[in-house]
Structures are given as C-alpha cells and as structure tokens.
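Survey of secondary and tertiary structure
What follows is the residue order along each chain.
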Amino acid sequence: MFKQPFRSKLYKHTWLEVAEEDTNAYQTWGRIKDSLKEDLADMVLLYKKLPKEKRDELYTQENFKDILNLLLQHEKYDDSIKLSIAVYLVEKSLDFFKIEFLKQNRNTLEIANAINDSLDKAKAICKDIVYKQKMENIKLEFPKEELRYLASWNELLVREKGELEFFLADVMDLISDKVDLHYSSIGNSFFGDFLEVNYKDKFRIHLELNNAKNKAILTVTNEDGFKETVQFTVKAYKDDYLLYYGKSEIEKMESKGIKGNTI
C-alpha cells in the first residue's frame, strides 16, 4: 500500500509528524483510505478465488496475528470501535464453534444444545458490555439541554423497545400490552400495533425519521379516531440516531412524579 519512502517515514515518525511535512496531507490521507479499502476488498476476492491449499498458505493465524492483536489491544481510554470489533469477532467465533459442536454431537443433541445455550449467553453478555459503554459515551457527548433520552434508533426494535412502551404510558396515558414493532427500510421507519389495556382496543404506531435526520415523528392512532403525535429531537451518533423528547413531555411526566432518562 505504501511506497518505500513513505513507509520509511512512518517507521521513524508519527502520522502527524509525517503529515506536517506533506504539502497536501488531506489528499494523501484520502489516497491511503481508498487504498486500504481496495487492499481489504482484494483480500476478500483472493480468498474466494484461490484453491484451498493456496488459501491456507496465506490466510493463517500467524499472518493475521499482528493486526488482530493491535485491534484487540485494550487501551486506557474507552474505545467503542475496538469494542464493536471485539463483539463482532466473538459473535462470529461462537457461531462457528456452535456449528462445529453440533457436527461433533449430531447424535447427542441435548448435550449440544446445553453447551450452545451457554455460548449464546456469552454473546449476549458481550453485547451488554458494548451497550453499557455506548450509553456512558452518549452521556458524555450530549449534555443536558432540556431534553431526555428516549432510545437509540438501532436499539429500538429489541433492547430499548420498553422505553417506547414506558413513553406511551407516561406521556400519552396508553398502557400497552406489549408493542409489536417492526422496521421498514422503505422510509426508514418503525411501525406496529399494541392492545391498549384500558381501551381494550388495538392501536397502531408509526415512527419515522425526517429527511434531514434531525427530527422523528411518532404517530399513534386507532380506528375510533384517536390520533396523537409527538416530535422527537434526533442527534446523529456515529452510525446511529438518538431520540430525545422535550420540555412539554418532561413536564407532563414530572407532574405525575415520573423521572425520565436525563442526559
């Protein structure tokens, strides 16, 4: 990827020191990013095309050890990128072992399932660790602005769906018997329904990001003409969107003695 003069500089100096000497560091950085992506894509292509005996010469633990050790080396500071890589590798590795273990125990499936349940539990624990660190980083990055955190767009379908159910009860006075929620990539929205405990009626729910990705509209309706909407403030966070509700909803909750997730 690097020509020899540039590689020699990097051996002796940090990237910032090398960039200071570069007359166009921005273009150089762009070329490096593009080149790395191409090199990684070529590695995938080569793996798919090589016969197994040649593939096994190249794609070995020894050849990948240095980069994996760097990516998984623990730092003094929180590193969400490394955590996300680590949890991805854990998931893929444990799935691999689950398949291998089932192959070895196809005639003793109860034993295999007992072990695989433990592997699934290990994956869930790793995801919890990543989630907790993400929430701590959110608290640091977004100070209190008369807003309260509702949910992460990426976590809303499963982990934080309960936050939406609490919001329906605390702000709209709609007690749901479990929200059945689905995601639609068309329109980048969530939709679903729930049975309201007091009304004994089914309500429909729709949550959609606007085009600017800075607002989200929650709409709740039923066939008897009920319709209520709430607008959430949206903050982009890495590859995610964070939903916050504002002053009027906070005041309504506080009047009931309810405390929300202040960030």
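We now turn to the structure provided with this report. (Residues numbered from 1 in each chain as written. Predicted model: local features only at pLDDT ≥ 70, side-chain atom pairs only at ≥ 80, totals over all residues. Heavy atoms only, no water.)

On to the overall build of the chain, then. If you tally the helices and strands in the chain, you get nine helices and eight strands. In terms of overall size, the chain is more extended than a compact globule, its C-alpha atoms giving a radius of gyration of 25 Å where 263 residues would be expected to give roughly 18 Å. Judged by the C-alpha coordinates and their principal axes, the chain covers about 70 × 65 × 35 Å. Relative to its full complement of 263 residues, the chain shows a buried share of 30%. Residue pairs at least 24 apart in sequence account for 44% of intrachain contacts in the chain once pairs closer than 6 positions are excluded. The averaged location of the 47 negative side-chain charges in the chain is 3 Å from the averaged location of its 42 positive side-chain charges. (Helix = DSSP H or I, 4+ residues; strand = E, 2+ residues; numbered from the N terminus. Rg over C-alpha atoms; globule rule 2.2 N^0.38 Å. Buried < 20%, exposed > 50% of the residue type's maximum accessible area, 1.4 Å probe, protein only. Contact = heavy atoms within 4.5 Å. Lys, Arg positive; Asp, Glu negative; His and termini not counted. Charge placed at Lys NZ, Arg CZ, Asp CG, Glu CD.)

It helps to recall that an α-helix has 3.6 residues per turn; residues three or four apart then point in one direction. Here helix α8 (residues 161–172) contains 12 residues, and its C-alpha end-to-end distance of 16 Å stays within 8% of the 16 Å for a straight helix at 1.5 Å per residue. Of the positions making up α8, those classed as buried are K161, L164, F167, L168, A169, D170, V171 and M172. Positive phi appears at D173, one or two residues downstream of α8, with a value of about 60 degrees. (Expected span 1.5 Å × (residues − 1).)

Residues I67, L68, L70, L71, L72, Y88 and L89 make up a contiguous nonpolar surface patch of roughly 610 Å² in combined accessible area. Of all the secondary-structure elements, those providing two or more residues to the nonpolar patch are α5 (61–71) and α6 (80–104). In this structure L71 comes out as partly exposed when scored by relative accessible area, which is 31%. (Patch = residues over 30% accessible without salt bridge, like charges linked within 9 Å, V, L, I, M, F, W, Y side chains within 5 Å. Areas by Shrake-Rupley, 256 points an atom, 1.4 Å probe, with all protein chains shown as cover. Salt bridge = Lys/Arg side-chain N within 4 Å of Asp/Glu carboxyl O.)

With that out of the way, let us pick up the pairing of strand β3 (residues 189–196). Taken together, the five bridges between strand β2 (residues 180–184) and β3 define a ladder with antiparallel strand orientation. In the sheet register, L181 faces β3, and the bridge partner there is G192. Joining the antiparallel neighbours β2 and β3 is a turn of four residues, in which G187 adopts a positive phi near 90 degrees. Pairing of β3 with strand β4 (residues 201–209) involves eight bridges; the strand directions are antiparallel. Paired with G192 across the strands is I205, a residue of β4. (Pairing = 2+ DSSP bridges.)

In this fold, D170 is placed in helix α8. Looking at D170, the relative accessible area reads 17%, which means it is buried. The residues contacting D170, other than those within four sequence positions of it, are M253, K256 and I258.

Another aspect to go through is the pattern of salt bridges. According to the stated counting rule, one finds 11 salt bridges in the structure shown. Measuring nitrogen to oxygen at the nearest pair gives 2.6 Å for the salt bridge that ties K52 to D56. Here K52 pairs with D56, and both are found in helix α4 (residues 52–58), just four residues apart, close to one helical turn. Connected through shared salt-bridge partners, D95, K98, D120 and K123 make up one network.

For A236, the location among the structural elements is in strand β6 (residues 227–237). A236 sits 98 residues away from I138 along the chain, and the two C-alpha atoms are 11 Å apart.

Turning to the packing of α8 against helix α9 (residues 247–255), a few remarks are in order. Two quantities define a packed helix pair, namely the angle between the helix axes and the distance between the axes. Contact geometry of α8 with α9 gives a least axis separation of 9 Å together with a crossing angle of 75 degrees. As the angle between them shows, α8 and α9 are arranged roughly perpendicular. Note on element contacts: α9 touches α8 through E249, K252 and M253, opposite F167, D170 and V171. Tallied by class, the residues present in the contact of α8 with α9 amount to three nonpolar, no polar and three charged. (Axes fitted to C-alpha atoms, helices over the stretch in contact; angles between N-to-C directions. Parallel < 35°, antiparallel > 145°, perpendicular 65-115°, else oblique. Nonpolar A, V, L, I, M, F, W, Y, C, P; charged D, E, K, R; others polar.)

To describe a pair of aromatic rings, one takes the distance between the centres and the angle between the planes. A complete count under the given rule lists 12 aromatic pairs for this structure. Summarising the aromatic geometry, the rings of F96 and F97 are spaced 6.2 Å apart at their centres and angled 85 degrees between planes, so their arrangement reads as edge-to-face. Judged by centre distance (5.2 Å) and plane angle (75 degrees), the ring pair of F203 and F226 falls under edge-to-face. Here the residue F203 occupies a position in strand β4, and F226 occupies one in the loop between β5 (215–221) and β6, the gap between them amounting to 23 residues. Assessed through its relative accessible area of 0%, F203 is described here as buried. Here a set of aromatic residues connected by ring pairs shows up, and it is made of F194, Y199, F203 and F226. Its guanidinium or amino end placed over the ring of Y47, R55 lies 4.5 Å from that ring's centre, counting from NZ or CZ. (Phe/Tyr/Trp six-rings, centres within 6.5 Å; stacked < 30°, edge-to-face > 60°. Lys NZ or Arg CZ within 6 Å of the ring centre and 35° of its normal.)

The values reported here are purely geometric and, on their own, carry no functional implication.
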